[in-house]
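Architecture and fold: a report
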Amino acid sequence: MIEAAAQGFAAHQWVAMIAIAAAAGLMHGFVGIGFPLLATPLFGLLFGWRVAVALLVLPTLLVTCGALWAFRGQADLRAMLRTHWPLAVLMPFGVAAGVHALHVVPADTLMLLMAGVMVAYLLLDRFGKTDLPAARAHPTLLAVPFGLAAGFCEGALNVAGPMLLIYFLLLDLPVASIIATLNWLFIAGKTVQSLLMAQRGALDATVLQATLPVGAVGVAFYFAGLSLRQRADPARYRGWLKATLALMAAGLVLRVAIGGGAP
């Protein structure tokens, strides 16, 4: 699968991967999400989209474990699961569909679909149309389509974050609860995705040799970003999350425009 890197990585590829992992880890720590959102399109420029997803599955899992450690005890997981359980139950089904789509649907189509959803949410928010009392009154029902959509995006694009983030922003939950619950869901989704991709032979020796260095750099810079965020104004956090969605939507469109999503 990793034809471009079948003989190992060149020096410039290692430098690029480490630099991207550092930037993505810093973003994830500062904003609360973002490692795969930033790293996957940039890795895609180096290796193609399918290869990028394979290379980042396990490093993202490591960064997510670091985030779980950082936010341990800051959210009532049992209470969150009682309300939002369809996310955890349905995401694996979405992941399975997404992993299949990754191999049969053009990557450009998948990336533009993701960007379109994020732009639609941001436009609705800009015009005050995301204040939905019905959503806050029935979060469990709302979790059904978002669980499937988040899982699909995780399997196909390596990023469940935008779908989950939109869901939690619609419910207007506390920041710590959003981040802690997101990372628990990420760990579940990444575990399923890793198993499915391993079954398809995507996690070969070339992928595994990049896992530890890329993951270690990502984790180290995650904690650096977290330290920066703790010094910032919490009142501005929701704005940062929305800005992150806008940046990622623009990045996906740019990725398609300049290079496409060729495998």
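Just so you know, these numbers come straight off a predicted model, no measurement behind them.

1. Focus on empty space enclosed by the protein
For the structure on display, the rule yields 3 cavities of 30 Å³ or more. Its volume calculated, the largest cavity comes out at about 80 Å³. Among the secondary structure elements, those contributing two or more residues to the lining of the largest cavity are α2 (35–47), α3 (49–70), α8 (161–171) and α9 (175–199). Along the lines of polarity and charge, the residues of the lining of the largest cavity split into 7 nonpolar, 6 polar and 2 charged. In this structure, the second largest cavity encloses a volume near 60 Å³. Along the walls of the second largest cavity sit Pro36, Leu37, Thr40, Pro41, Trp49, Leu157, Val159, Met248 and Leu252, which together make up its complete lining.

2. Some thoughts on a nonpolar patch on the surface
Side chains of Trp85, Val89, Phe93, Val144 and Leu148 sit close together on the surface and give an oily, nonpolar patch of about 470 Å² of accessible area. Contributions of two or more residues to the nonpolar patch are made by α4 (77–104) and α7 (139–157). Among the elements that take part in the nonpolar patch, α4 stands out by supplying 3 residues, more than any other. Structurally, Phe93 is set in helix α4. Given the relative accessible area of 58%, Phe93 is considered exposed.

3. Observations concerning the layout of surface pockets
Size it by volume and the largest pocket reaches roughly 170 Å³. Lining the largest pocket are 13 residues, and of these Pro41, Leu42, Gly251, Leu252 and Leu254 sit closest to its centre. Contributions of two or more residues to the lining of the largest pocket are made by α2 and α11 (237–258). Sorting elements by how many residues they give to the lining of the largest pocket places α11 first, with 8 residues. Residues of the lining of the largest pocket, tallied by class, amount to 11 nonpolar, 1 polar and 1 charged.

4. A few points about the side chain of His28
Counting through the fold element by element, His28 comes out in helix α1 (residues 11–31). Each residue touching His28, except ones within four places of it in the same chain, is listed here: Ile33, Gly34, Phe35, Pro36, Val63, Ala67, Asn183 and Tyr222.

5. Comments concerning the nonpolar core
Phe43, Leu164 and Phe168 are the most contacted members of the largest nonpolar core, which totals 82 residues. Counting residues per element, this core draws most heavily on α3, at 14 residues. The residues contacting Phe43, other than those within four sequence positions of it, are Met17, Ile20, Gly48, Ala52, Leu55, Leu56 and Val214.

6. Re the environment of Leu182
Position of Leu182 among the secondary structure elements: in helix α9. Sequence-distant contacts of Leu182, that is, excluding residues within four places in its chain, are made with Ile33, Leu164, Leu165 and Phe168.

7. A word on the packing of α8 against α9
A pair of packed helices is characterised by two quantities: the angle between their axes and the separation of those axes. The geometry of α8 relative to α9 is characterised by a closest axis approach of 11 Å and an angle of 145° between their N-to-C directions. Crossing geometry of α8 relative to α9 is assigned as right-handed. Here Gly161, Leu164, Leu165 and Phe168 of α8 come into contact with α9, specifically with Ile178, Thr181, Leu182, Leu185 and Phe186. Of the residues assigned to the contact of α8 with α9, the class counts are 7 nonpolar, 2 polar and no charged.

The rules behind these values
Residues numbered from 1 in each chain as written. Predicted model: local features only at pLDDT ≥ 70, side-chain atom pairs only at ≥ 80, totals over all residues. Heavy atoms only, no water. 1 Å grid on protein atoms, 1.4 Å probe; cavity = no way out; pocket = protein on both sides within 12 Å on 5 of 7 lines; lining within 4 Å. Points joined across faces, edges and corners; volume = space filled by probe spheres on them. Helix = DSSP H or I, 4+ residues; strand = E, 2+ residues; numbered from the N terminus. Nonpolar A, V, L, I, M, F, W, Y, C, P; charged D, E, K, R; others polar. Patch = residues over 30% accessible without salt bridge, like charges linked within 9 Å, V, L, I, M, F, W, Y side chains within 5 Å. Areas by Shrake-Rupley, 256 points an atom, 1.4 Å probe, with all protein chains shown as cover. Salt bridge = Lys/Arg side-chain N within 4 Å of Asp/Glu carboxyl O. Buried < 20%, exposed > 50% of the residue type's maximum accessible area, 1.4 Å probe, protein only. Contact = heavy atoms within 4.5 Å. Core = buried A, V, L, I, M, F, W, Y, C linked by side-chain atoms within 4.5 Å. Axes fitted to C-alpha atoms, helices over the stretch in contact; angles between N-to-C directions. Left-handed = near helix turned anticlockwise from the far one by under 90°.

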